[in-house]
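A structural walkthrough
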Amino acid sequence: MSAEDLENYETDMELQLYREYRDVVGLFSYVVETERRFYLANHVDLQARSADGEVYFDLTLSDAWVWDVYRSARFVKSVRVLTFKDVNVEELPRNEELALPKDVDLGN
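A surface patch of nonpolar side chains, about 380 Å² in accessible area, is lined by M1, L6 and Y9. Take Y9: it is sitting in helix α1 (residues 3–24). The exposure class of Y9 is partly exposed, given its relative accessible area of 45%.

As a further point, take the pattern of salt bridges. Pairing between side chains of opposite charge can happen when the charged atoms of each approach one another. Across all of its chains, the model carries 4 salt bridges by this definition. Here R74 makes a salt bridge to E20, at a shortest N to O gap of 2.7 Å. A residue pair is termed long-range when its members are at least 10 positions apart, and R74 in the loop between β3 (54–67) and β4 (75–83) and E20 in helix α1 qualify at 54 residues. Residues R37 and D68 are paired through a salt bridge, measuring 3.4 Å at the closest nitrogen-oxygen approach. Note that R37 is positioned in the loop between β1 (30–33) and β2 (38–51) and D68 in the loop between β3 and β4, a separation of 31 residues in sequence.

The next subject is the environment of S50. Mapped onto the fold, S50 is located in strand β2. By relative accessible area, S50 is classed as exposed at 57%. Apart from the residues lying within four places of it in its own chain, the contact partners of S50 are V55 and Y56.

For the rest of this paragraph, the subject is α1. Across its 22 residues, α1 extends 32 Å between first and last C-alpha, which sits within 8% of the 32 Å expected from 1.5 Å per residue. Every buried residue of α1 is accounted for by L17, Y21 and V24. The buried residues of α1 occupy an angular sector of 80° when the element is viewed end-on, so they sit on one face. Exposed residues lying more than 90 degrees from the buried face of α1 are E4 and D23. In this structure, the buried side of α1 is in contact with β2, β3 and β4.

So, how was this worked out
Residues numbered from 1 in each chain as written. Predicted model: local features only at pLDDT ≥ 70, side-chain atom pairs only at ≥ 80, totals over all residues. Heavy atoms only, no water. Patch = residues over 30% accessible without salt bridge, like charges linked within 9 Å, V, L, I, M, F, W, Y side chains within 5 Å. Areas by Shrake-Rupley, 256 points an atom, 1.4 Å probe, with all protein chains shown as cover. Salt bridge = Lys/Arg side-chain N within 4 Å of Asp/Glu carboxyl O. Helix = DSSP H or I, 4+ residues; strand = E, 2+ residues; numbered from the N terminus. Buried < 20%, exposed > 50% of the residue type's maximum accessible area, 1.4 Å probe, protein only. Contact = heavy atoms within 4.5 Å. Expected span 1.5 Å × (residues − 1). Arc of directions from axis to C-beta.

Next comes the structure, spelled out in structure tokens:
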């Protein structure tokens, strides 16, 4: 395999990953970014902790998807991350197209 073949393979893998992300992002409520990974999740618990005068973050995600091109199973039930680096959590806007209209009578 040549260097060009390897580069083309990696480019194709990244494109497939982006397409998967685009397909699944609407299923999640939060985007979470750490130094090492990018996640989508439906539940996020972020706690700042202190030990020996050092502050670190204890991050727990549930019902998550991991942006990792080398991972075969990107959907995970639970993730726990301990880090001294920054953690960014953003709530995704809800897609109103998928919501039921407020004035619909469902026979209740």
